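# Results of the structural survey
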Amino acid sequence: MNTRKLSVEKVELLKEVVSKYLPDAARILEEEPEKWLSADRTKVRDAIGEELAATGFDANYAPTPRGQLLESLIDFVNRLELLPKAN
């Protein structure tokens, strides 16, 4: 995975989320994000969204520091959609 565009903290969080929600898709993380298939981008984004809903907000529905990291990962994956599609 290209870590030049993500901090170590974000890469670790992404690995955590993928292993939790997409255990059969760990191969995604072996590829450069820019080369992810559109379907894989969607799966990863959805998994991050699930984790955001589950763990990313405090009692007042404000994003926690973890939630802010998850939101930035969603933004990262969304930016990948601006690249030419792999399929």
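Located above this text is the structure these notes cover.
Report on the accompanying structure.

About the cut-offs
Every chain begins its residue count from 1, and numbering advances along the sequence as written. Selection of residues for local features in this predicted model requires a pLDDT of at least 70, selection of side-chain atom pairs for listing and counting requires 80 or more, and totals for whole chains, interfaces and linings are taken over all residues. Side-chain metrics rest on all non-hydrogen atoms present in the structure, leaving aside hydrogens and water. Runs of H or I in DSSP of at least four residues are treated as helices and runs of E of at least two as strands, each being numbered from the N terminus. Type-normalised accessible area, obtained with a 1.4 Å probe on protein chains alone, sets the label of each residue: buried when under 20%, exposed when over 50%, and partly exposed for intermediate values. The contact criterion used is simple: two residues touch if any of their non-hydrogen atoms lie within 4.5 Å. Salt bridges are identified by distance alone: a Lys or Arg side-chain nitrogen within 4 Å of an Asp or Glu carboxyl oxygen. What is meant by a nonpolar core is a set of buried Ala, Val, Leu, Ile, Met, Phe, Trp, Tyr and Cys residues, joined one to another through side-chain atoms within 4.5 Å. Here, axes are lines fitted to C-alpha atoms. For helices the fit covers the stretch in contact, and angles between N-to-C directions go from 0 to 180 degrees. Angle categories: roughly parallel below 35 degrees, roughly antiparallel above 145, roughly perpendicular from 65 to 115, and oblique for all the rest. Each residue is assigned to one class: nonpolar for Ala, Val, Leu, Ile, Met, Phe, Trp, Tyr, Cys and Pro, charged for Asp, Glu, Lys and Arg, and polar for all the others, Gly among them.

### Looking at the environment of Pro-63
Its location among the elements puts Pro-63 in the loop between helix H2 (38-55) and helix H3 (65-80). With a relative accessible area of 35%, Pro-63 lands in the partly exposed category. For Pro-63 and Pro-33, which are 30 residues apart along the polypeptide, the C-alpha to C-alpha distance reads 25 Å. Apart from the residues lying within four places of it in its own chain, the contact partners of Pro-63 are Gly-56, Phe-57, Gln-68 and Glu-71.

### A short note on the pattern of salt bridges
Evaluated as defined, the whole model comprises 6 salt bridges. Where Glu-51 meets Lys-20, a salt bridge forms, and the shortest distance between an N and an O atom there is 2.9 Å. A residue pair is termed long-range when its members are at least 10 positions apart, and Glu-51 in helix H2 and Lys-20 in helix H1 (residues 8-21) qualify at 31 residues. Overlapping salt bridges bring together Glu-16, Lys-20, Glu-51 and Arg-66 as one network.

### Some points on the nonpolar core
Nonpolar side chains in soluble globular proteins tend to be buried together. Membership of the largest hydrophobic core comes to 22 residues, with the highest contact counts inside it found for Leu-14, Trp-36, Val-44 and Ile-48. Only H1, H2 and H3 provide two or more residues apiece to this core. Broken down by element, the residue count for this core peaks at 7 residues, all from H3. In this structure, Ile-48 is in contact with Leu-14, Val-17, Leu-70, Leu-73, Ile-74 and Val-77, ignoring residues within four places of it in sequence.

### Looking at the packing of H1 against H3
Here H1 crosses H3 at 85°, and the two axes come no closer than 10 Å. On the basis of the axis angle, H1 is roughly perpendicular to H3. Between H1 and H3, the residues in contact are Glu-9, Lys-10, Leu-13, Leu-14, Glu-16 and Val-17 and Arg-66, Leu-69, Leu-70, Ser-72 and Leu-73, respectively. Residues belonging to the contact of H1 with H3 are distributed by class as follows: 6 nonpolar, 1 polar and 4 charged.

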